[in-house]
Amino acid sequence: MIRFSIVTITYNAEKVLERTLNSVLHQTYEGVEHLIVDGASKDNTLLMAERYKEQNDTSENGHKVIILSEPDHGIYDAMNKGLTQASGDYIVFLNAGDCLPDAHTLEEIVHQSRLNQYPENELPGVLYGNTNIVDNEGRFLHPRRLQPPAKLTWKSFRHGMLVCHQAFYARTDIAKNTQYDTRYRFSADVDWCIRVMRESERMGLTLCNTKMVVANYTEEGATTQHHSESLKERFHVMRRHYGLLTTLAMHAWFFIRAFLK
């Protein structure tokens, strides 16, 4: 059975954590490991996580839940801790406030991607899909503006982050060897996704489009709150991977596209 490691990063997240936990708790798919990496929260986040773990531990079909709570050096440092602990075939980062769309999401990902037909060493390097944007109450707002292409490559992100981080399931063996670059405060996820895709291509692995909504993303994340700083970092990430001229040309197009709207 294909196993998924879901990593949830938390810090003082009691107001939004419940819907994230419930969305994983109610997954009909059995092969789930849920790692909650907490930054030593001062509210009831850890208590909620412990109660959630107890629910799973005492349920006949409960998932494996691991909780780590200690100070960290930012969200990407915490994500690297999750990478180190993960043992599933695929890893996805579903942060506090984000959730899986319905109880059958993981089951459908396995079905749509036909994962059980692959030899273990030929599993796709990445599984990806669409994202819906929700508000702070978890209510649907609209589909994410940037949509994933039918065929994704590492060069696709020249046009922006076409696949949301929460909709990007990376093969864990690749992800463990491609940790987040903590020099970036807001855009290490973009850099990480590109590097995972590049390594997948080097290994001759496919990137599989599930052709379904695989994540609900809460609009008010850290990147949204620090939009200007995030854009500057993304420019440096794109320059690093695609070169200065390509990055300048694509940013000129982003500006023109925004003006035409």
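Anything mentioned here points back to the structure above.
Described below are features of the structure shown in this document. (Residues numbered from 1 in each chain as written. Predicted model: local features only at pLDDT ≥ 70, side-chain atom pairs only at ≥ 80, totals over all residues. Heavy atoms only, no water.)

**Thoughts on the overall build of the protein chain**
Piece 1. Scanning the protein chain from N- to C-terminus turns up nine helices and eight strands.
Piece 2. In terms of overall size, the protein chain behaves like a compact globule, its C-alpha atoms giving a radius of gyration of 18 Å where 261 residues would be expected to give roughly 18 Å.
Piece 3. For the C-alpha atoms alone, the extent of the protein chain along its principal axes is close to 55 × 45 × 30 Å.
Piece 4. Sorting the 261 residues of the protein chain into buried and exposed places 52% on the buried side.
Piece 5. Restricting to contacts in the protein chain with at least 6 residues of sequence separation, those with at least 24 account for 78%.
Piece 6. Entry remark: accessible area of the protein chain is about 12,900 Å², with carbon and sulfur atoms responsible for 50%. (Helix = DSSP H or I, 4+ residues; strand = E, 2+ residues; numbered from the N terminus. Rg over C-alpha atoms; globule rule 2.2 N^0.38 Å. Buried < 20%, exposed > 50% of the residue type's maximum accessible area, 1.4 Å probe, protein only. Contact = heavy atoms within 4.5 Å. Areas by Shrake-Rupley, 256 points an atom, 1.4 Å probe, with all protein chains shown as cover.)

**What about the side chain of S23?**
Piece 1. One can find S23 in helix α1 (residues 17–25).
Piece 2. Among all residues touching S23, those that are not within four sequence positions of it are L94, C99 and L100.

**Section: the pairing of strand β4 (residues 90–93)**
Piece 1. Both faces of β4 are covered, namely the face carrying Y90 and V92 and the face carrying I91 and F93.
Piece 2. Here strand β1 (residues 4–10) runs beside β4; their pairing, made up of four bridges, is parallel. Residue pairing in the sheet places S5 in a bridge with I91 of β4.
Piece 3. Bridging between β4 and strand β7 (residues 168–171) involves two bridges; their strand directions are antiparallel. If you follow I91 over to β7, its bridge partner there is A170. (Pairing = 2+ DSSP bridges.)

**Quick notes on the packing of α1 against helix α2 (residues 45–57)**
Piece 1. It is the contact of α1 with α2, at a shortest axis distance of 11 Å, that shows an interaxial angle of 15°. On the basis of their axis angle, the class for α1 and α2 is roughly parallel. The handedness of the crossing between α1 and α2 comes out as right-handed. Residues L17, E18, L21, V24 and L25 of α1 lie in contact with α2, whose contacting residues are T45, M48, Y52, Q55 and N56. (Axes fitted to C-alpha atoms, helices over the stretch in contact; angles between N-to-C directions. Parallel < 35°, antiparallel > 145°, perpendicular 65-115°, else oblique. Left-handed = near helix turned anticlockwise from the far one by under 90°.)

**Section: the nonpolar core**
Piece 1. F4, L106, F157, F168, Y169 and W192 are the most contacted members of the largest nonpolar core, which totals 73 residues.
Piece 2. Top element by residues in this core is helix α6 (residues 188–202). It accounts for seven residues.
Piece 3. Not counting residues within four places of it along the chain, the set of residues in contact with L106 comprises F4, I6, Q27, Y29, V32, L100 and Y169. (Core = buried A, V, L, I, M, F, W, Y, C linked by side-chain atoms within 4.5 Å.)

**Quick word on the pairing of β1**
Piece 1. The element β1 is largely enclosed, with a buried count of seven among its seven residues.
Piece 2. Of the pairings in the sheet, the one linking β1 to strand β2 (residues 32–38) comprises seven bridges and is parallel in character. Bridge pairing links F4 to V32 in β2.
Piece 3. Crossover β1 to β2 through α1 is right-handed. (Right-handed = clockwise from strand over helix to strand, strands pointing away.)

**Points about the environment of F157**
Piece 1. Looking at the secondary structure, you find F157 in the loop between β6 (140–143) and β7.
Piece 2. Taking C-alpha positions, F157 is 24 Å from G74, a pair spaced 83 residues apart along the chain.
Piece 3. Sequence-distant contacts of F157, that is, excluding residues within four places in its chain, are made with L152, L162, V163, V190, C193, I194, M197, M238 and Y242.

**What about the pattern of salt bridges?**
Piece 1. Following the criterion strictly, the structure yields ten salt bridges and no others.
Piece 2. When the shortest N-O distance is used, the salt bridge between K64 and E33 registers 3.6 Å. Of the two residues, K64 sits in strand β3 (residues 64–69) while E33 sits in strand β2, which places them 31 residues apart along the sequence.
Piece 3. Taking the shortest distance from any N to any O, the salt bridge between R171 and D173 comes out at 2.8 Å.
Piece 4. One salt-bridge network, in which partners are shared between bridges, spans D181, R183, D191, R195 and R240. (Salt bridge = Lys/Arg side-chain N within 4 Å of Asp/Glu carboxyl O.)

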